[in-house]
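Survey of secondary and tertiary structure
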Amino acid sequence: MAELAHALLEALRLLVTLDPQLWEIIALSLFVSLSATGIALLFGIPVAGLLTMVRFPGRESVIVLSNALLGLPPVIAGLTVYLLFSRAGPFGATDLLFTPIVMIIAQVILATPIVIALSHRLLAIYWSRYGDALKMTGASQTRSGATLVAMARGALVTVFFTAFGRCIAEVGAIMLVGGNIRGHTRTMTTAIVLETSKGEFALALGLGLVLLILTVGLSATAFWLGRELNRSA
């Protein structure tokens, strides 16, 4: 018990004194996860809008696949990216393995199905309510899609935080493709695993506290923003 209390105090000291190693890991984690979430949103929301407004061959298959991939095991995504970017893989010449860029790619694979599936469910509700009215105004598909996104923006905030939460808490994929290299590809989750296995609980607890604060903060922010946006709509 005394050892745990000492580790917790040391973790708080690292946070308060802005320990360079601790905050370097936090900064990289936020950079990778925010970048992956942003890319997933830029790709996923237009696809969700297309699935909502346009009937085309294979549409149902895309919807089913995006929902099925919500439970994609992170290690499978990591293994796939690893094989693609390894020396023997088709993208091995890019020499991106064990870099933050390939970590972002792995997290994009995990976050994009979440964005597509959840955004489609939300946009489908608004399309069923306002789709006929938009068609009567003669709005183009692009304009209709932008209008739907604007109307659903409060709910789409939750989609963003859900995707970001999936990325920031992920460990399996980025451990495989990033290599957990100190000062280069070490994130909060991979550092927690490593430091705990070494018996160095202070840094692990410090990072765990930050991760916990982020998780709770994300949930609270998503709830507050969603409520405020819906109120102003």
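For the structure given in this document, a descriptive report is provided here. Model, not experiment: these values are computed from the prediction.

As a further point, take the overall build of the protein chain. From N to C terminus, the protein chain includes 10 helices and zero strands. Its C-alpha atoms give the protein chain principal-axis dimensions of roughly 70 × 50 × 25 Å. By the burial criterion, 42% of the 233 residues in the protein chain qualify as buried. When the accessible surface of the protein chain is split by element, carbon and sulfur atoms take 71% of a total near 12,200 Å².

Counting through the fold element by element, S119 comes out in helix 5 (residues 100–136). Overall, S119 belongs to the buried group, its relative accessible area being 0%. If sequence neighbours within four positions are ignored, S119 has contacts with I45, A48, I114, L156 and V159.

The next thing to look at is the nonpolar core. In this structure, V81, V115, L148 and V177 are the most contacted members of the largest nonpolar core, which totals 36 residues. Where this core is concerned, the elements lending two or more residues are helix 2 (20–53), helix 4 (74–85), helix 5, helix 7 (153–168) and helix 8 (172–178). Setting aside residues up to four positions removed in sequence, V115 forms contacts with A40, L41, G44, I45, H120, V159 and A163.

Turning our attention to the side chain of T185. With respect to the element layout, T185 can be found in the loop between helix 8 and helix 9 (188–198). Residue classification places T185 among the buried residues on the basis of a relative accessible area of 1%. Within the local environment of T185, its side chain forms a polar contact with the backbone nitrogen of N180, the two atoms lying 3.4 Å apart. Residues within four places of T185 in sequence aside, it is in contact with L28, F98, T99, P100, M103, G178, G179, N180 and T190.

In this section: empty space enclosed by the protein. Enumeration over the complete set of coordinates arrives at one cavity of 30 Å³ or more. Estimates place the volume of the largest cavity at around 40 Å³. If you trace the largest cavity, you find it lined by S29, V32, S33, Q107, C167, I168, E170, I174, T187 and T189. If you tally residues by element for the lining of the largest cavity, the top one is helix 2, at three residues. The residue inventory of the lining of the largest cavity, partitioned by class, reads four nonpolar, five polar and one charged.

It is worth spelling out the packing of helix 2 against helix 7 at this point. Running from N to C, helix 2 and helix 7 cross one another at 135°; their axes reach a closest spacing of 9 Å. Judged by the angle between their axes, helix 2 and helix 7 are oblique. Here helix 2 runs over helix 7; the crossing is right-handed. Along the contact surface, helix 2 presents S29, L30, S33, L34, A36, T37 and L41, while helix 7 presents F160, A163, F164, C167 and I168.

The rules behind these values
- Per chain, residue numbering runs from 1 following the sequence as it is written.
- Two thresholds apply to this predicted model, a pLDDT of at least 70 for residue-level local features and 80 or more for giving and counting side-chain atom pairs, whereas whole-chain, interface and lining totals are computed over all residues.
- For the side-chain quantities, the full set of heavy atoms in the structure was used; hydrogens and water were omitted.
- Put simply, DSSP marks the helices as runs of H or I at least four residues long and the strands as runs of E at least two long, and each gets a number from the N terminus on.
- Relative accessible area decides the class of each residue, using a 1.4 Å probe on protein chains only: under 20% of the type maximum gives buried, over 50% gives exposed, and in between gives partly exposed.
- Using a 1.4 Å probe, accessible areas were evaluated by the Shrake-Rupley method; residue-level cover was limited to the displayed protein chains.
- Note on definitions: a residue-residue contact is assigned when non-hydrogen atoms from the two residues lie within 4.5 Å.
- Joining through side-chain atoms within 4.5 Å is the link that ties buried Ala, Val, Leu, Ile, Met, Phe, Trp, Tyr and Cys residues into a set, and such a set is a nonpolar core.
- Contacts described as polar in this section are N or O atom pairs within 3.5 Å, which, within protein, must combine one atom able to donate a hydrogen with one able to accept it, while residues neighboring in sequence count only if both atoms come from side chains.
- Put simply, the grid is 1 Å and covers the protein atoms alone, a cavity is a trapped set of points that fit a 1.4 Å probe, a pocket is an open set with protein on both sides within 12 Å along at least five of seven lines, and lining residues have an atom within 4 Å of a point.
- Grid points are joined across faces, edges and corners, and a volume is the space filled by probe spheres set on the points.
- Only Asp, Glu, Lys and Arg are considered charged in this grouping, and only Ala, Val, Leu, Ile, Met, Phe, Trp, Tyr, Cys and Pro are considered nonpolar; every other residue, Gly among them, is considered polar.
- Helix axes are fitted to C-alpha atoms over the stretch in contact, other axes to C-alpha atoms as well, and angles between N-to-C directions run from 0 to 180 degrees.
- Note on terminology: angles under 35 degrees are roughly parallel, angles over 145 are roughly antiparallel, angles of 65 to 115 are roughly perpendicular, and the others are oblique.
- Crossing handedness is defined as follows: a turn of the near helix away from the far one that is anticlockwise and smaller than a right angle gives a left-handed crossing, while the clockwise case is right-handed.

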